[in-house]
Amino acid sequence: MKLSKGSALAMACTLSLGLLAGGSAHAEKVLRIAMTAGDIPRTLGQPDQGFEGNRFTGIPMYDSLTQWDLSKSDQASTLIPGLALSWAVDANDKHKWIFKLRPGVKFHDGSAFNADSVVWNVNKVLDKEALHFDPSQVGVTASRMPTLRSARKIDDMTVELTTSQPDSFLPINLTNLFMASPAHWAKKAEAVPASVTDKAERSKQAWAAFAADAAGTGPFKMSKFVARERLELAKNPEYWDAKRRPKIDKVVMLPLPEANSRTAALMSGQVDWIEAPAPDALEAIKSRGFKIYSNPQPHVWPWQLSFVPGSPWLDKRVRQAANLCIDRTSMKQLLGGQMAEATGTVEPGHPWRGKPTFQIKYDPDQARKLMQEAGFSTANPVKVKVQISSSGSGQMLPLPMNEFMQQNLKKCFFDVQFDVVEWNTLFTNWRIGAKDPSAKGAHAVNISFAAMDPFFAMVRFTDTKAAPPLSNNWGFYSNPEVDALIMKARTTFDATRRDAALADLHAKIVDEAPFVWVAHDTGPRAISSKVSGVVQPQSWFIDIATMSMD
């Protein structure tokens, strides 16, 4: 729902009063961020709200064994050591990986990070018998590292991770497993009343208490949390990486899912940073002295299609026609230039591009020809229902973008209807799949996704074994040729040969068109000129820890 300018300004003023009441902003260097999320992403270690959660409650508060290098804007982010100094697959058994851990790291509660911590954090989402097992964290974690099966301590600073099959993607997947403090959780568990005897309920209550008073190893630590309203993070002056030791005293996160409200809050000085500003306000924002940061991201904004019985997308001609009927150039103009036109999951020049025979472009005449061959016409359009959100992490501006697609596709004999749901609900439905009642009979789902590693970019959507609830093959796509190409890439540990296998995989996926590819995000955000040291990486993520405030 769009707010009037008056309503948006009133909301911004309300935010202002809350911010000023919440602390002495003038006495500290306080960075105030308006997110697109409708709620504060979960703070217990494994965030929800998609990758906006990783960006704002994961990476600032926690660390993972492997991390993304977010220090450069002129090249793609690469994998770097985090809480692990090094890692290698076992030469004799490629189901096993050895990780050497970083010594001297402390959690926010003062306890030591070590191999026991890693085993504990793996078990929180994989070992149903563990006292601290948390089903609520499984969906947002296990689906992102589906082959990980166990962790074993070798010594205090060495851990062995075992996978269900040889998996060269594992070190990349582990960027999603954030390390929470076992000692801090144990204290919360001890405080659960003795009258609560059910193991699962005790764990649930302990995790709820942990989320309200979290402890990771990250550059910022929680100082205040109000559900659905605000999260305040204070700098961690003892952070292990001196290069990322914060110069900003406090970061305040605010959920503001509506673009006009975020823009009003920025323009009236109530926040210093907004995600996804309203496109028609970009010039006004810049005229007020704010800076617009953007950069092409490994990101796809698509429709992911259903392949369950009865779906209109079972005919490849229909899938290809939809891809040919989208006027991406005009959509880019609609967004004030803040997108890149998608012709696949990765674009020409990328090592995984390959040589697809189907060329995605704007060709409505060819689209109509394919639709007529499939039996559709103006008098007999194909009915398509798409589940979308009104906002959310990486969703760009989903309502106007989807309405634009609806108008485009009508000219190619598509009758498109939308089921608009809240972002986190949509994200949860994504993991449940098109066969579940939560899909409400939708034939497609509009959820943007990161394409920075092979699993996230391609495998989780097209591998038969990645069907719900294991991972994000929402539409139950299944193709033996694609499965064979995935297995070849996953079990290839030489980087050059793996890239070649991934190029073959990408070409096959584009030819089969299990998506309607539309856009790549450029991650536009508007930030006050008071904030310096901002690096807008070629990544879904951004590092707040290295920034300063003048």
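Anything mentioned here points back to the structure above.
The following paragraphs examine the structure supplied in this document. Treat the numbers as computed from the prediction; the structure is a model and nothing was measured. Residue positions within a chain follow its written sequence, with the count starting from 1. With the structure being a predicted model, the display of local features is reserved for residues of pLDDT at least 70 and the display and counting of side-chain atom pairs for 80 or more, all residues being used for whole-chain, interface and lining totals. With hydrogens and water set aside, each side-chain value is computed from the structure's full complement of heavy atoms.

## What to know about the overall build of the protein
The line we're drawing: Strands are runs of DSSP state E lasting at least 2 residues, helices are runs of H or I lasting at least 4, and numbering of each runs from the N terminus. Radius of gyration here uses only the C-alpha atoms, and the compact-globule reference equals 2.2 Å multiplied by the residue count raised to the power 0.38. Think of it in three bands: residues with accessible area under 20% of the maximum for their type are buried, residues over 50% are exposed, and the middle band is partly exposed, with areas taken using a 1.4 Å probe on protein chains only. In what follows, residue pairs with any heavy atoms lying within 4.5 Å of each other are defined as contacts. Residue exposure ignores everything except the shown protein chains as possible cover, and the areas themselves are Shrake-Rupley values with a 1.4 Å probe. Working convention for charge: Lys and Arg count positive, Asp and Glu count negative, and His plus the chain ends are omitted. To locate a charge, the coordinates of NZ of Lys, CZ of Arg, CG of Asp or CD of Glu are taken.
Along the backbone of the protein there are 17 helices and 22 strands. For 550 residues, the compact-globule estimate of 2.2 N^0.38 gives 24 Å, and the protein sits close to it at 23 Å. Taking the principal axes of its C-alpha atoms as reference, the protein extends roughly 70 × 65 × 50 Å. Residue burial in the protein is summarised as follows: out of 550 residues, 59% are buried. When contacts within the protein are restricted to residue pairs at least 6 apart in sequence, those whose partners lie at least 24 apart make up 71%. Here the protein displays about 21000 Å² of accessible surface, and carbon together with sulfur accounts for 54% of that area. Distance between charge centroids for the protein: 1 Å, based on 63 positive and 56 negative side chains.

## Observations concerning the environment of Leu-44
Turning to its location among the elements, Leu-44 is positioned in the loop between β1 (30-35) and α2 (50-58). Overall, the relative accessible area of 1% leaves Leu-44 in the buried class.

## A word on the packing of aromatic side chains
Each pair of aromatic rings is reported with the distance of its centres and the angle of its planes. Note the cut-off: In summary, the pairing rule links any two rings of Phe, Tyr or Trp, Trp by its six-membered ring, whose centres are within 6.5 Å, and it sorts them by plane angle into stacked for under 30 degrees, edge-to-face for over 60 and tilted for everything else. Two conditions define a charge sitting above a ring: the NZ of Lys or the CZ of Arg must be within 6 Å of the ring centre, and it must be within 35 degrees of the ring normal.
Counting across every chain of the model gives 23 aromatic pairs. Seen in terms of ring centroids, Phe-107 and Phe-113 are 6.2 Å apart; in terms of plane orientation they differ by 70°. Their pairing is edge-to-face. Pair check on accessibility: Phe-107 and Phe-113 agree, each one buried. An angle of 70° between the planes, with centres 5.0 Å apart, marks the rings of Phe-307 and Tyr-477 as edge-to-face. With a gap of 170 residues between them, Phe-307 in the loop between β13 (299-305) and α10 (316-324) and Tyr-477 in the loop between α15 (454-462) and α16 (480-490) connect regions that are remote in the sequence. Both residues of the pair, Phe-307 and Tyr-477, count as buried. In textbook terms, an aromatic cluster arises when at least three aromatic residues are bridged by ring pairs, as seen for Trp-423, Phe-427, Trp-430, Phe-449, Phe-461, Phe-515 and Trp-517. Lys-94 extends its terminal NZ or CZ atom over the ring of Phe-493, reaching a point 5.8 Å from the ring centre. The side chain of Lys-435 reaches across the aromatic face of Phe-476, ending 4.2 Å from its centre.

## Here's the deal with the pattern of salt bridges
Just so we agree on the cut-off: Put simply, a salt bridge is a Lys or Arg side-chain nitrogen that is within 4 Å of an Asp or Glu carboxyl oxygen.
Counted under the stated rule, the structure contains 30 salt bridges. In this structure, Glu-160 and Arg-152 form a salt bridge, with 3.2 Å as the shortest nitrogen-oxygen distance. For Lys-530, the salt bridge identified is with Asp-272, shortest N-O distance 3.6 Å. Of the two residues, Lys-530 is situated in the loop between β20 (525-527) and β21 (531-532) and Asp-272 in the loop between α8 (259-267) and β11 (273-275); the sequence distance between them amounts to 258 residues. Each of Lys-316, Arg-319, Glu-481, Lys-508 and Glu-512 takes part in one network of salt bridges that share partners.

## Some details on the state of the cysteines
What counts here: Working definition: a disulfide is two cysteine sulfur atoms within 2.5 Å of each other.
Under the definition given, this model contains one disulfide. Through a disulfide, Cys-325 is tied to Cys-412; the S-S separation comes to 2.0 Å. Across the S-S bond linking Cys-325 and Cys-412, the dihedral sits near 85°, which makes this disulfide right-handed. Note that Cys-325 is positioned in the loop between α10 and α11 (328-334) and Cys-412 in the loop between α13 (398-410) and β16 (414-421), a separation of 87 residues in sequence. For Cys-412, a relative accessible area of 0% puts it in the buried group.

## Notes on unusual backbone geometry
Residue Pro-469 is reached from Pro-468 by a cis peptide bond, and omega for that bond is 5°. Looking at the secondary structure, you find Pro-469 in the loop between α15 and α16. Of note in this structure, Arg-228 is not a glycine but carries a positive phi near 65°. Phi is positive for Met-396, which is not a glycine, with a value near 60°. Within the secondary structure, Met-396 is located in the loop between β15 (382-389) and α13. Assessed through its relative accessible area of 11%, Met-396 is described here as buried.

## Some points on the pairing of β13
Heads up, the condition is: Pairing between strands is defined by DSSP: at least two bridges between the two strands are required.
For β13, the tally of buried residues reaches seven of seven residues, placing the bulk of the element in the interior. Along β13, one buried face is formed by His-299, Trp-301, Trp-303 and Leu-305 and the opposite face, lined by Val-300, Pro-302 and Gln-304, is buried too. Relative to strand β18 (residues 449-450), β13 is paired through two bridges, and the arrangement is antiparallel. When the sheet's bridge partners are listed, His-299 is paired in β18 with Ala-450. Where β13 meets strand β19 (residues 515-520), four bridges bridge the pair, whose relative direction is antiparallel. Bridge pairing links Trp-301 to Ala-519 in β19. Pairing of β13 with strand β17 (residues 444-445), which is carried by two bridges, proceeds in the antiparallel orientation. Note that in β17 the partner of Gln-304 across the bridge is Val-445.

## Here we look at the sheet that holds strand β4 (residues 84-89)
Condition: Axis definition: a line fit to C-alpha positions, over the contact stretch in the case of helices; interaxial angles, taken between N-to-C directions, run 0 to 180 degrees.
The strand order across the open sheet built from four strands is β4-β5-β7-β6, with neighbouring strands paired in antiparallel fashion. Strand pairing shows two members of the sheet lacking a second neighbour, β4 and β6 (148-155), which therefore form its edges. Ignoring strand direction, the axes of neighbouring strands in this sheet form an average angle of 20°. Inspection of the sheet shows β4 paired to strand β5 (residues 96-101) by five bridges, in the antiparallel sense. Bridge assignment links Trp-87 to a residue of β5, and that residue is Phe-99. Most of the contacts of helix α3 (residues 115-126) go to β6, to which it runs at about 165°, and overall it touches β5, β6 and β7 (158-163).

## Describing the side chain of Ser-438
Applicable threshold: Contacts described as polar in this section are N or O atom pairs within 3.5 Å, which, within protein, must combine one atom able to donate a hydrogen with one able to accept it, while residues neighboring in sequence count only if both atoms come from side chains.
Checked against the element boundaries, Ser-438 lands in the loop between α14 (423-432) and β17. A relative accessible area of 19% places Ser-438 in the buried class. For Ser-438, the side chain forms a polar contact with the side chain of Asp-436, separated by 2.8 Å. Contacts of Ser-438, omitting those with residues within four sequence positions, involve Gln-387, Asn-429 and Ile-432.

## Describing α10
Counting buried positions over the nine residues of α10 gives seven, a clear majority of the element. If you check which residues of α10 are buried, you get Val-318, Arg-319, Gln-320, Ala-321, Ala-322, Asn-323 and Leu-324.

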